[in-house]
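Overview (structure and organization)
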Amino acid sequence: VQLQASGGGLVQAGGSLRLSCAASGRTFSSYHMGWFRQAPGKEREFVAVITRSGGSTNYADSVKGRFTISRDNAKNTVVLQMNSLKLEDTAVYSCAAALSYGFDQRLYGYWGQGTQVTVSS
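The present account deals with the structure reproduced in this document.

1. Considering the sheet that holds strand E3 (residues 17-24)
Pairing within the open sheet is antiparallel, and its four strands lie in the order E1-E3-E8-E7. The sheet is open, and its two edges are formed by strand E1 (2-6) and strand E7 (67-72), each paired on a single side. Each strand of the sheet is rotated relative to its neighbour by a mean of 15°, with strand direction disregarded. Looking at chain direction, E3 and strand E8 (residues 77-82) are connected through six bridges and run antiparallel. Of the residues in E8, the one forming a bridge with Leu17 is Met82.

As structure tokens, this is what we get:
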């Protein structure tokens, strides 16, 4: 599966952004989908994950209650809605696909290119 992330940009603190990840191929619904982010000088970290069917989600504590992950298997897309953005949310966000469910990035065999999210004061 090939992944293409989009939707990043510059936003003021407290604002919202919607990231999208478009997948190619007919097997999108076979994969659990995750979002990860990497801030400058820091390691890449888990943000959110959604199961194949979209029936279950999990979030990093740092984004819980502010971010929402969703997917549309008919359109081969996964979305990360980010609200109440904070300065510390500034990072490159990447979507990824995994056959096994989890938070560990090593489970994810397919990655899209990142999209930059910058939150300003």
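2. Some details on the state of the cysteines
Per the counting criterion, the structure on display carries one disulfide. The disulfide partner of Cys21 is Cys95, and the S-S distance across this bridge is 2.1 Å. Taking the sign of the S-S torsion, about 65° here, the bridge from Cys21 to Cys95 comes out right-handed. One end of the pair, Cys21, is in strand E3; the other, Cys95, is in strand E9 (residues 91-98), with 74 residues separating them in the sequence.

3. Some thoughts on the side chain of Arg66
Residue placement: Arg66 occurs in the loop between strand E6 (57-59) and E7. Take Arg66: its relative accessible area is 10%, and that puts it in the buried class. Those residues in contact with Arg66, other than ones at most four positions away along the chain, are Gln81, Met82, Asn83, Ser84, Leu85, Lys86 and Asp89.

4. A look at the environment of Ser121
Residue placement: Ser121 occurs in the segment after strand E11 (115-120). A relative accessible area of 78% means that Ser121 is categorised as exposed. In the structure, Ser121 is positioned 35 residues away from Lys86 in sequence and 8.5 Å away in space, judged by C-alpha atoms. Sequence-distant contacts of Ser121, defined by excluding residues within four places in its chain, comprise Gln12 and Leu87.

5. Brief notes about the packing of aromatic side chains
As enumerated under the stated definition, the model contains six aromatic pairs in all. Taking the centre distance of 5.5 Å and the plane angle of 80° together, the rings of Tyr31 and Tyr110 count as edge-to-face. Of the two residues, Tyr31 is situated in the loop between E3 and strand E4 (32-38) and Tyr110 in strand E10 (residues 108-111); the sequence distance between them amounts to 79 residues. Tyr110 sits in the partly exposed class, given a relative accessible area of 35%. With centroids separated by 4.9 Å and ring planes inclined at 75°, the aromatic side chains of Phe36 and Tyr108 adopt a geometry described as edge-to-face. Residue Phe36 is located in strand E4, and its partner Tyr108 is located in strand E10; the two are separated by 72 residues in the primary sequence. For the pair shown, Phe36 and Tyr108 are each scored as buried. Grouping aromatic residues by their ring pairs yields a cluster made of Phe36, Phe46, Phe103, Tyr108 and Trp111. The ring of Trp111 is capped by Arg44, whose NZ or CZ atom sits 3.7 Å from the centre of that ring. Above the face of the Phe28 ring, Arg71 is positioned so that its terminal group lies 4.4 Å from the ring centre.

Conventions used here
Residues numbered from 1 in each chain as written. Predicted model: local features only at pLDDT ≥ 70, side-chain atom pairs only at ≥ 80, totals over all residues. Heavy atoms only, no water. Pairing = 2+ DSSP bridges. Helix = DSSP H or I, 4+ residues; strand = E, 2+ residues; numbered from the N terminus. Axes fitted to C-alpha atoms, helices over the stretch in contact; angles between N-to-C directions. Disulfide = S-S within 2.5 Å. Buried < 20%, exposed > 50% of the residue type's maximum accessible area, 1.4 Å probe, protein only. Contact = heavy atoms within 4.5 Å. Phe/Tyr/Trp six-rings, centres within 6.5 Å; stacked < 30°, edge-to-face > 60°. Lys NZ or Arg CZ within 6 Å of the ring centre and 35° of its normal.

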